[in-house]
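Below, each chain spelled out in residue letters.
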Amino acid sequence: MVVIGRGGETGDGENRPAGLLGHYRARDGSHGARVELDLDRPHVGLVVGKRGSGKSYTLGVLAEALTGADGVAPVVVDPMGAFRTLERPPVSARVVEPRVAADALAPREWCRLVGLDPKSGPGSLVWRAAAEQETLAGMQEYVDDADAATATCRAAANHLRTAAQWRVFGGDALAPRHLTERPTVLDCAGLGRAPTNTVVAAVAESLYRARVAGALDVLPWLLVDEAHVLFDGVAAPSLRQLLTRGRQPGVSLVAATQRPSALPDVAHSQADLLVAHRLTNRADWEALAAARPAYMDGTFAERTPSEPGEALVVDDATESVHALAVHERETPHGGESPRASELNRHGGDERAGEPECITDGGGD
Ligand SMILES: Nc1ncnc2c1ncn2[C@@H]1O[C@H](COP(=O)(O)OP(=O)(O)OP(=O)(O)O)[C@@H](O)[C@H]1O
């Protein structure tokens, strides 16, 4: 058995947590030896591949592995509702509609979020409101009562009203302890790009701060699907922080994307683990190759897997490359596209239960 991500360490490996990622692929398609992933130390991972190549499935396998290990806690950002099935045993994750405290975002991020230039009148008013107030309701009141031109107040109020309509602000429901006491899925299906970015910014920042402050006794793993849309919005600074400094306090980040070429260079240079499913785009191969070291034998174009669930894993810790079949999920995979032929006579399709909503009150 091989443990990916664990290199050059002495000591009793038996006692250190690891999770099953897959098996080596034999030439005849049969399973070879087990390949596990180190869950003892924090990691930065990328899961890449074209549409339908198995990225979400692999994130699900990783969430299941983390659930079975001591001392770690998976927090999954679910942009499409594909991970709701993790609420079933043996994971029994809590699926929540995320709520974010308004003061989890810095004043600068508030301006960016609502699309206002901080140097403009309305932008500077929103900046001051965010600096002074803890809740979105408080910010709205601050803007309404501000000693500023009517047009400035009205423009700022309109932008804050839009943010209020996203229904992601309110209370401290995403407190790090809450997030990590059980495997958690943040159900962002139906949220747009800006509110999803808001959720990821707040969660990434609060997990990081909690670990730095010594307020969390488990090591969180933030798993984000469709990551390219997050490195392009207000979540980007918090994700960059996890990439460059998250391992020190013990926060892991695994980002999945179908467009690795759209990720910033820092994501490629900081990742110590790459799980590459099938990729056919030259720009994507080049983005991976630019950051990948000489121990890669052959090119990504030559070695790209052909079937969903097959992966090329590049491990910086052991400076090795592995061709795997990713392990089968224990919970059902929820990322399947619906097929017309599988709809029932009433036109419905079977969905996982409605997500639980945890708000602690005191919201906006
Ligand atoms: N390890 C695996 N074992 C068995 N089947 C798999 C595995 N990985 C993927 N599949 C199959 O491939 C399909 C596509 O996988 P998945 O939904 O994870 O793709 P994706 O890369 O996330 O696609 P998208 O970019 O559209 O979200 C799954 O529905 C599943 O049937």
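Under an unreviewed UniProt entry, the name given to the protein chain is AAA+ ATPase domain-containing protein, and the organism recorded is Halomicrobium zhouii. Per UniProt, the protein chain has the following entry under Sequence similarities (unreviewed entry): "Belongs to the HerA family."

Draft legend 1. Seen up close, the site of the ligand. Around the ligand, 16 residues are found, and the nearest of them are G54, S56, Y57, P308 and G309. Here the element with the most residues in the shell around the ligand is helix α1 (residues 55-67); it accounts for 3 residues.

Draft legend 2. Just the pairing of strand β4 (residues 44-48), in detail. The buried fraction of β4 amounts to 5 of the 5 residues, a majority that puts the element mostly inside the structure. Here β4 shows no split at all, with V44, L46 and V48 on one side and G45 and V47 on the other all buried. With 5 bridges connecting them, β4 and strand β9 (residues 252-257) associate as parallel partners. Bridge pairing links L46 to A255 in β9. Taken together, the 4 bridges between β4 and strand β10 (residues 273-276) define a ladder with parallel strand orientation. Considered in β10, the bridge of V48 is made with A276.

Draft legend 3. Expanded view of helix α3 (residues 121-132). Compared with an ideal rise of 1.5 Å per residue, which puts 12 residues at 16 Å, α3 spans 17 Å between its outermost C-alpha atoms and is within 8% of the ideal. Listed as buried for α3 are P122, G123, L125, V126, W127, A129 and A130.

Draft legend 4. Up close: the domain arrangement of the protein chain. Examined at the domain level, the protein chain breaks down into domain 1 (2-100 + 169-335) and domain 2 (103-165). Look at where the C-alpha atoms of domain 1 and domain 2 centre, and you get two points 34 Å apart. Of the residues that constitute the side of domain 1 that touches domain 2, the class distribution is 6 nonpolar, 2 polar and 1 charged.

Draft legend 5. How the structure looks around the nonpolar core. Formed by 104 residues in total, the largest nonpolar core has its most connected members in V76, V126, V200, V203, A204, L222 and L223. Considering each element in turn, this core owes the most residues, 8 residues, to helix α7 (residues 193-212). Residues from two domains meet in this core; each of domain 1 (2-100 + 169-335) and domain 2 (103-165) gives at least three. Leave out the neighbours within four places in its chain, and V76 touches L59, A63, F83, L86, V185, L186 and L223.

Draft legend 6. Main features of the packing of α7 against helix α8 (residues 236-245). For the pair α7 and α8, the least separation of the axes is 8 Å and the interaxial angle reads 35°. The handedness of the crossing between α7 and α8 comes out as left-handed. Residues V200, A201, A204, E205 and Y208 of α7 form the contact with α8, whose own contacting residues are S238, L239, Q241 and L242. Of the residues in the contact of α7 with α8, the class split is 6 nonpolar, 2 polar and 1 charged.

Draft legend 7. Spatial organisation of the pairing of strand β7 (residues 184-187). Side-chain alternation along β7 places T184 and L186 on one buried face and V185 and D187 on a second face that is also buried. As judged from the 4 bridges shared by strand β5 (residues 72-78) and β7, these two strands associate in the parallel manner. Each residue of the ladder has a partner; that of D78, found in β7, is D187.

Draft legend 8. Just unusual backbone geometry, in detail. Cis geometry is adopted by the peptide bond preceding P90, which originates at P89 and carries an omega value of 5°. Residue position: P90 is located in the loop between β5 and β6 (94-96). Even without being a glycine, R167 presents a positive backbone phi close to 60°. Note that R167 resides in the loop between α5 (150-165) and α6 (176-180).

Draft legend 9. Expanded view of α1. The end-to-end C-alpha distance of α1, which contains 13 residues, comes to 18 Å, matching closely the 18 Å that a straight helix rising 1.5 Å per residue would cover. The buried fraction of α1 is high, at 13 of 13 residues.

Draft legend 10. Fine view of the environment of A18. Mapping A18 onto the fold places it in strand β2 (residues 18-25). The class for A18 is buried, based on 23 C-beta atoms found within 10 Å. A sequence separation of 21 residues divides A18 from L39, and the C-alpha atoms of the two residues are 4.8 Å apart.

Draft legend 11. Main features of the sheet that holds strand β11 (residues 310-315). The strand order β1-β3-β2-β12-β11-β10-β4-β9-β8-β5-β7-β6 describes an open sheet built from 12 strands, whose pairing is mixed. Either end of the sheet is taken by a strand with one partner, and the two such strands are β1 (2-4) and β6. For this sheet, the mean angle separating the axes of adjacent strands, direction not counted, is 25°. Judged from the 6 bridges that link them, β5 and strand β8 (residues 219-224) form a sheet pairing that is parallel. Following the sheet pairing, V76 is matched in β8 by L223.

Basis of the calculations
Residues numbered from 1 in each chain as written. Predicted model: local features only at pLDDT ≥ 70, side-chain atom pairs only at ≥ 80, totals over all residues. UniProt positions renumbered as here; feature names shortened; annotations may be inferred. Near = placed C-beta within 6 Å. Helix = DSSP H or I, 4+ residues; strand = E, 2+ residues; numbered from the N terminus. Buried ≥ 20, exposed ≤ 12 C-beta atoms within 10 Å, placed from the backbone. Pairing = 2+ DSSP bridges. Expected span 1.5 Å × (residues − 1). Domains from an automatic or database assignment. Nonpolar A, V, L, I, M, F, W, Y, C, P; charged D, E, K, R; others polar. Core = buried A, V, L, I, M, F, W, Y, C linked by C-beta atoms within 7 Å. Contact = placed C-beta atoms within 7 Å. Axes fitted to C-alpha atoms, helices over the stretch in contact; angles between N-to-C directions. Left-handed = near helix turned anticlockwise from the far one by under 90°.

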